[in-house]
Amino acid sequence: MYHALTDGTHPPGQDPHYTLTLRAFDRQLDRIAAMGGGGSARGWLDGQRGQAILLTFDDGHVSNHRIALPALARRGMSADFFVNPAMVGTPGFASWGELREMSDAGMSIQSHGYDHVYLTSLSDQRLRETLRAAREEISERVGRQATLLAPPGGRMPRGLAAVAKDCGYTQVLSSRPGLIEADTRRVRPLPRMAMTAAVDAIAFERWINRDRIAIGREQMRYAGLATAKRLLGDRRYERARACALGLLRGPA
Ligand SMILES: [Zn+2]
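Procedures and definitions
Residues numbered from 1 in each chain as written. Predicted model: local features only at pLDDT ≥ 70, side-chain atom pairs only at ≥ 80, totals over all residues. Helix = DSSP H or I, 4+ residues; strand = E, 2+ residues; numbered from the N terminus. Rg over C-alpha atoms; globule rule 2.2 N^0.38 Å. Buried ≥ 20, exposed ≤ 12 C-beta atoms within 10 Å, placed from the backbone. Pairing = 2+ DSSP bridges. Right-handed = clockwise from strand over helix to strand, strands pointing away. Contact = placed C-beta atoms within 7 Å. Core = buried A, V, L, I, M, F, W, Y, C linked by C-beta atoms within 7 Å. Axes fitted to C-alpha atoms, helices over the stretch in contact; angles between N-to-C directions. Parallel < 35°, antiparallel > 145°, perpendicular 65-115°, else oblique. Left-handed = near helix turned anticlockwise from the far one by under 90°. Nonpolar A, V, L, I, M, F, W, Y, C, P; charged D, E, K, R; others polar.

### Some words on the overall build of the protein
Counting secondary structure elements, the protein contains 9 helices and 9 strands. For the protein, whose C-alpha radius of gyration is 17 Å, the value lies close to the compact-globule estimate of 18 Å for 252 residues. Summarising its shape, the C-alpha atoms of the protein cover approximately 45 × 40 × 40 Å along the three principal directions. Within the span of the protein, comprising 252 residues, buried residues form 34% of the whole.

### Let's talk about unusual backbone geometry
With a phi angle near 90°, aspartate 59 is a residue other than glycine that sits in the positive phi range. Within the secondary structure, aspartate 59 is located in the loop between strand E5 (56-58) and helix H3 (62-74). A count of 25 C-beta atoms within 10 Å places aspartate 59 in the buried class. In this structure, histidine 116 is a non-glycine residue whose phi angle is positive, near 70°.

### Some remarks on the pairing of strand E7 (residues 108-111)
Bridge analysis of strand E6 (residues 80-83) against E7 gives 4 bridges, and the strand direction is parallel. Bridge pairing in E7 places phenylalanine 81 opposite isoleucine 109.

### Re the pairing of E6
Because side chains alternate across E6, one face comprises the buried residues Asp80 and Phe82, and the other comprises Phe81 and Val83, equally buried. By the bridge criterion, 3 bridges tie E5 to E6 in an arrangement that is parallel. Pairing of phenylalanine 57 across the sheet is with phenylalanine 81, part of E6. Once the chain exits E5 it traverses H3 before rejoining the sheet at E6, and the crossover so formed is right-handed. Chirality of the crossover, the property in question, places the unit of E6, helix H4 (residues 96-104) and E7 among those that are right-handed.

### Looking at the environment of alanine 4
Its location among the elements puts alanine 4 in strand E1 (residues 4-6). We classify alanine 4 as buried; it has 26 C-beta atoms within 10 Å. Taking the C-alpha atoms as reference points, alanine 4 and phenylalanine 57, separated by 53 residues in sequence, lie 7.7 Å from one another. Alanine 4 has contacts with Gln14, Tyr18, Thr19, His61 and Ser63, leaving out every residue within four places of it along the chain.

### Thoughts on the environment of proline 85
In this fold, proline 85 is placed in the loop between E6 and H4. When residues no more than four places from it in sequence are discounted, the contact partners of proline 85 are Tyr114, Ala134, Glu137 and Ile138.

### Description of the environment of leucine 190
Mapping leucine 190 onto the fold places it in the loop between strand E9 (171-172) and helix H7 (201-208). Owing to 20 C-beta atoms within 10 Å, leucine 190 belongs among the buried residues under this scheme. Along the chain, leucine 190 and leucine 69 lie 121 residues apart, while their C-alpha atoms are 23 Å from each other.

### Some details on the nonpolar core
In this structure, Ala79, Phe81, Val83, Leu99, Ile109, Leu148 and Leu149 are the most contacted members of the largest nonpolar core, which totals 50 residues. Every residue in contact with isoleucine 109, bar those within four places of it in the chain, is listed here: Phe81, Val83, Leu99, Met102, Ser103, Ile138, Val142 and Ala146.

### Examining the packing of helix H8 (residues 212-232) against helix H9 (residues 234-244)
In contact at an axis separation of 6 Å, H8 and H9 are set at 120° when each is read in the N-to-C sense. With respect to H9, the axis of H8 lies oblique. In this structure, H8 crosses over H9, and the sense of that crossing is right-handed. Together, Ala228, Lys229 and Leu232 of H8 and Asp234, Arg236, Tyr237 and Ala240 of H9 make up the contact between the two elements. Among the residues forming the contact of H8 with H9, the class breakdown is 4 nonpolar, no polar and 3 charged.

Structural data, given as structure tokens:
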């Protein structure tokens, strides 16, 4: 689960913690290529096999088009890009034209909800409206059906898989770390490993080699953070996180 990439420029909206350098990304793709290649969850769910790693991007940053697309295309790899219609074309985010170009180049453009509001904050009716609107707008503007949903912030209301299915999605991808088995039941949200700037080459190597201890450690860390989010509430949690990362300047 990647977000933004940088080659030295920093467009608005890119959280440094979720931004990898092109150098680091290139190195990771080369390692994945050596293992047999990377592909999209859409391709894998459609029955394509042979890809060692599934690659996804959240938020639709402009760097997905400018940096990730050429790096993937050069290696014959694909990835899923989860976007919010409300953010498309705003400063720092890819435009519909750029997303169409990515789709035409074999990339999978999918739904990250309509506007990045956490799905856990919505009523059941609003949840259904927003999931339908996101799917319909992305499918129409990109020219290919969006069928996958990655909830913003990984926040998943109870019963989300069933609601998503009612709204035309075939699969939910979570932000919970884990391994995908060849026989993973498709009704379960697919786990993803967060590729942050803090993931070093050693951790990356362990993850792509399916090291269960390293991945189990990530799962425990994720469970701890999920508890903190629940206890603090989303707003206070984001504030505490921003402070810890030094993103907030002056009195908080
Ligand atoms: Zn997001």
